[in-house]
Amino acid sequence: MTQLDQIRAAEAKLLLSTYERNSILFVGGQGVHIVDEKGDHYLDLLSGIGVNALGYGHPAIEEAIARQSRALIHTSNLFYHQGQAELAMRLTERTGLDRVFFANTGTEAWEGAMKMARAHAGLLRAEGKQIGTKFLALEQSFHGRTFGSVSTTYKAKYREPFGPVVPGVEFVRFNDVTDLRGKFSNEVCAILVEAIQGEGGIRPLTQEFFEAARALASSTGALLVVDEIQAGMGRTGKWCAYQHYGILPDITTLAKPLAGGIPLGAVLCTEEAARAIHAGMHGTTFGGGPLACAVAIAVIDAIEKENLLANATKVGDYFQQQLRSLAQRHSAIIDVRGKGLMIAAELDSADLAKLTVAEMLKRKIVINCTSDTVLRFLPPYILERSHVDTAIAALDEIFTEHADATSASQATANAQGGTNHV
């Protein structure tokens, strides 16, 4: 048995069946490429589902891990260490928010945000204000898989197997201002959005909808909570996607690329939202540990030193331009959208989308499909135009082969139909 066969057999016996894995064993990586056990290099346009912002083997991350591992990997949040305040300063300066809570993951950060919103509403009620406990979330949203997070995640396949989920959540039609206004009242403690929906298909909020959400929340004391777990930390060319809109939320959540592959999440909030939290109300064992903080600081500094926000914008714009040119040649592409290096190409067929992901993998290029028909591209921020050209050439070849096969199949069917008619 190969090493891959041995690992597959062991996992089949020992692990819960939560993932349909591809039959590839990755063992290393460098730059924008990840390397399998045979030494084959794959162009990674997914970056660990939006995590590896600096790609693989980046010296800033390697040096931070080595340095911090020799000093202190874990203490607890009962004591101080050198990293949390320094990282919090970097995050608050770049997001426009005031305070930070460090968590382990995106879904844990979202849980913390939801708890803060409920606690804030309780504080306002204690101060004599009329405000309820209801959450408004958006259709096609995805916020994670823990109970609170999955309760605010729209697709039934994520929620229903675990029902009943947390009550008090109502979903608003995406970018429908009339629906938002109709469902908002002083029973709502928070409006929950992604500035750009990730799992929902790389779908940006409209300026009108975002502004309406901000105004409605402010009108009653409810909080506007923005999930930046996939879109944040520079992926769209700004530190947070909401900064493209000129709108400041009351709470935001970060994770995925925050520590470049080391698990770390964060809840950031205004001073007003932070009033609701005091010692003992919330906590974490591992969140904001010395190792994760040291790496996150290194990631932020590397993004700035290497001018990667500008690179995400420049190369992302080029990527979209090339996809739109491809769409002019292939009618299967019905939309191209996104911001920076958070990009989607929507196809006219779920079967074709699934086929394209598989065919790209055969060509040693990693992408994935979300919302059935959407090809999702979340590459490392160090992506170059030459990498885009490689991907576009592969997509062109795949769509051409598919169109030729479809035409041949249709011609055969027409011929057989004509024979049958005779």
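Residues numbered from 1 in each chain as written. Predicted model: local features only at pLDDT ≥ 70, side-chain atom pairs only at ≥ 80, totals over all residues. Heavy atoms only, no water.

**Considering the packing of helix α3 (residues 59–71) against helix α11 (residues 290–305)**
The axes of two packed helices give the description: the angle between them and the distance between them. At a closest axis distance of 9 Å, the pairing of α3 and α11 adopts a crossing angle of 150°. With respect to each other, α3 and α11 are oriented roughly antiparallel. Considering how the two elements wind past one another, α3 and α11 form a crossing that is right-handed. Contacts from Ala60, Ile61, Ala64, Ile65, Gln68 and Ser69 of α3 reach α11 at Pro290, Leu291, Ala294, Val295, Ala298, Val299 and Ala302. Looking at the contact of α3 with α11 residue by residue, the class counts come to 11 nonpolar, two polar and no charged. (Axes fitted to C-alpha atoms, helices over the stretch in contact; angles between N-to-C directions. Helix = DSSP H or I, 4+ residues; strand = E, 2+ residues; numbered from the N terminus. Parallel < 35°, antiparallel > 145°, perpendicular 65-115°, else oblique. Left-handed = near helix turned anticlockwise from the far one by under 90°. Contact = heavy atoms within 4.5 Å. Nonpolar A, V, L, I, M, F, W, Y, C, P; charged D, E, K, R; others polar.)

**Some remarks on the sheet that holds strand β13 (residues 333–339)**
Taken in spatial order, the four strands of this open sheet run β13-β14-β17-β16, and their pairing is antiparallel. This sheet does not close on itself; its edge strands, each paired only once, are β13 and β16 (368–370). Taken pair by pair, the neighbouring strands of this sheet meet at an average axis angle of 30°, ignoring direction. In the sheet, β13 pairs with strand β14 (residues 342–347) via six bridges, with the strands oriented antiparallel. Among the inter-strand pairings, Val336 is bridged to a residue of β14, identified as Ala345. On top of the sheet, helix α12 (residues 308–329) reaches β13, β14 and β17 (374–377); it is set at about 175° to β13, its chief contact. (Pairing = 2+ DSSP bridges.)

**Remarks on the side chain of Asn311**
Topologically, Asn311 is positioned in helix α12. Accessibility expressed as a relative area gives 16% for Asn311, which makes it buried. Here the side chain of Asn311 touches Tyr381 through a polar contact of 2.7 Å, landing on its backbone oxygen. (Buried < 20%, exposed > 50% of the residue type's maximum accessible area, 1.4 Å probe, protein only. Polar contact = N/O pair within 3.5 Å; in protein donor to acceptor, adjacent residues only side chain to side chain.)

**A few points about the environment of Ile202**
Considering the arrangement of structural elements, one finds Ile202 in the loop between β8 (196–197) and β9 (203–204). Taking the relative accessible area as the measure of exposure, Ile202 reaches 0% and is therefore buried. Look past the residues within four positions of Ile202 in its chain and what remains in contact with it is Ile196, Gln197, Gln230, Arg337, Gly338, Met342, Ile343, Ala344 and Arg376.

**A closer look at the pairing of strand β11 (residues 251–254)**
By the alternation rule, side chains of β11 split into Ile251 and Thr253 and Thr252 and Leu254, which are all buried. Relative to β11, strand β10 (residues 223–227) runs parallel, the two being bridged by three bridges. Counted as the bridge partner of Val225 is Ile251 from β11. Here β11 runs beside strand β12 (residues 265–269); their pairing, made up of four bridges, is antiparallel. In the sheet register, Leu254 faces β12, and the bridge partner there is Ala266.

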